[in-house]
Every structure is written in structure tokens, then in C-alpha cells.
Amino acid sequence: MMLITGALCAQPSGKEILDKIDANMSSDTRYVKSKMIIHGPRSSRTVESESWTEGTESFTEYLAPAREKGTKMLKLEDKLWIFSPSTDRTIQISGHMLRQSVMGSDLSYEDMMDDRKLSDVYNAGVIGSETIGETECWIVEMRATEEDVAYQMRKLWVDQSRFIPLKEELYAKSGKLLKKTELSNITKHGSRWYPEKITFKDMLKKGAGTEFIVDEIKFDVEIPEHLLSKASLR
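Reading guide: rules and limits
- Residues numbered from 1 in each chain as written.
- Predicted model: local features only at pLDDT ≥ 70, side-chain atom pairs only at ≥ 80, totals over all residues.
- Heavy atoms only, no water.
- Patch = residues over 30% accessible without salt bridge, like charges linked within 9 Å, V, L, I, M, F, W, Y side chains within 5 Å.
- Areas by Shrake-Rupley, 256 points an atom, 1.4 Å probe, with all protein chains shown as cover.
- Salt bridge = Lys/Arg side-chain N within 4 Å of Asp/Glu carboxyl O.
- Lys, Arg positive; Asp, Glu negative; His and termini not counted.
- Charge placed at Lys NZ, Arg CZ, Asp CG, Glu CD.
- Helix = DSSP H or I, 4+ residues; strand = E, 2+ residues; numbered from the N terminus.
- 1 Å grid on protein atoms, 1.4 Å probe; cavity = no way out; pocket = protein on both sides within 12 Å on 5 of 7 lines; lining within 4 Å.
- Points joined across faces, edges and corners; volume = space filled by probe spheres on them.
- Nonpolar A, V, L, I, M, F, W, Y, C, P; charged D, E, K, R; others polar.
- Phe/Tyr/Trp six-rings, centres within 6.5 Å; stacked < 30°, edge-to-face > 60°.
- Buried < 20%, exposed > 50% of the residue type's maximum accessible area, 1.4 Å probe, protein only.
- Lys NZ or Arg CZ within 6 Å of the ring centre and 35° of its normal.

### A few points about a negative patch on the surface
Thinking step 1. On the surface, Asp28, Glu54, Glu222 and Glu225 cluster together to form a negatively charged patch.
Thinking step 2. Checked against the element boundaries, Glu222 lands in the segment after β13 (209–219).

Next up, the structure:
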């Protein structure tokens, strides 16, 4: 009986797990230089970018390939604008357009935009445990507390010692599986653990998924004020 009680005490609540994930993955400000390797049905291509995030607002500039170079994305509150150098136009992405793919990848604009803390928009419960590779994970089921989230239900496999998700399944309100992600190359940055590679697979698309690779990441950086304004798109 003593052993059972000890095991129950050792299991954190869903909320405690989300708080620890947020402590790893969220920050007041962040700079990321990254590449997306998009594996299409016939060929693969790589898109490079750098982005600055403050709270839920962000600015991204695409660096390569030449066709995408100079494209800029700005998110302010719940609005998203994209500047295209080829047309010299800025357009606002809103409504159902947010579900569209970003540059043919397995990520939607909604995926790129949602930078809120998990604990702010989901209730969570631990529904079991499982070993991934050699890592013991809690299986956490999350249900949305807000209507404006892309995925009403999510399932996470969370490393029990580092509190970082290693795998995730993303579901629609109907229960249909929409996307799967795998997080790897977990690296320590100061007191945080952070994945340097995330593989996204849109279950409704052909192709072998999209790899999101972090080349450089800095937390709690100073962000120039002008970057998070519409002036930055020009």
C-alpha cells in the first residue's frame, strides 16, 4: 500500500506539467534563427528565416531561398500581415485563410501564430505513461478552454524528468486526428530544455512532413521597438 501511495504522489497534476512545459518553452522575448525542410510528395526544399517574439506578438523575415527572401510576417495581437517583395504588397491573413499552409509546409499560419502559454488555453489531465526510446513519459490529454484555438484536443507525451514534450497529436473538435509532431535534439539553454528539431506531419496532406530546425535561439533578448510595428514590413 505504501508503494502505491508513493507512486501516486510522484505523479504531477496536468496543470503542474503544463506549467513546467511553459517554463521551458515560453519566455517574455525570444529570437530564433531556423530552417524549415519541407518534404513534399515529389521533392524537398529548405526555407530559412529569423524571428523575434515578444509575448504573443512576433516578426519574421525569410532569408532563403531567393524566391522567398525578403518576405516578412508580422503578428500583432490576433492580426497577421505578410509583405511580399515580389508583388511589393502587404496583405492581411484572417479567418479561414489562417488554416492555409505556410509556404507549402505542414504548418499553418495558425500554428505559427499561436504563442500563448498552454496553461492559458487548455485544461490537462494525466491519462497514463509510456516509454519513448529510453525516456519515461507522462501521457497528457489537453482540452481547450477557449474557442479560438486551432486544436480543441491535444495529446502530449512529456518527458517525466525534463518536462518537455517528445511527441504530440493534435485533434479537431470532432475527434479527427489532424497533425502529429515529434520533438527531438533536446538541448539545455540556461535553466530550460528546448527541442532543436520539431517534425510536423499534417495527416490530411501527402508528403513526408516538415522538419523545423532551430539553428540559434536566445531567450529574454532586447527587441528593437520598430520590429513589432507595421513599419517593419517595409
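### Some thoughts on empty space enclosed by the protein
Thinking step 1. Evaluated as defined, the whole model comprises 1 cavity of 30 Å³ or more.
Thinking step 2. Empty space within the largest cavity amounts to approximately 1100 Å³.
Thinking step 3. Split by residue class, the lining of the largest cavity holds 27 nonpolar, 9 polar and 13 charged.

### Things to note about the layout of surface pockets
Thinking step 1. Estimates place the volume of the largest pocket at around 690 Å³.
Thinking step 2. Forming the walls of the largest pocket are 29 residues, and the residues nearest its centre are Leu98, Glu110, Asp148, Val149 and Ala150.
Thinking step 3. Going through the elements one at a time, α3 (109–113) and β11 (177–189) are the ones with two or more residues in the lining of the largest pocket.
Thinking step 4. Residue classes in the lining of the largest pocket are distributed as 9 nonpolar, 7 polar and 13 charged.
Thinking step 5. Estimated volume of the second largest pocket: approximately 240 Å³.
Thinking step 6. Taken together, 16 residues make up the lining of the second largest pocket; nearest its centre are Thr71, Ile82, Ser84, Met103 and Tyr109.

### Here's the deal with the packing of aromatic side chains
Thinking step 1. Taken as a whole and judged by the stated rule, the model has 3 aromatic pairs.
Thinking step 2. Geometrically, the ring pair formed by Trp52 and Phe59 is tilted, given 6.0 Å between the ring centres and 35° between the ring planes. For the pair Trp52 and Phe59, a shared accessibility class is recorded, and that class is buried.
Thinking step 3. Here Tyr194 and Phe219 contribute two aromatic rings whose centre-to-centre distance is 5.5 Å and whose plane-to-plane angle is 70°, an arrangement assigned as edge-to-face. Taken together, the residues Tyr194 in strand β12 (residues 192–202) and Phe219 in strand β13 connect sequence positions 25 residues apart.
Thinking step 4. Positioned above the aromatic ring of Phe219 is the side chain of Arg192, whose terminal nitrogen or guanidinium carbon lies 4.2 Å from the ring centre.

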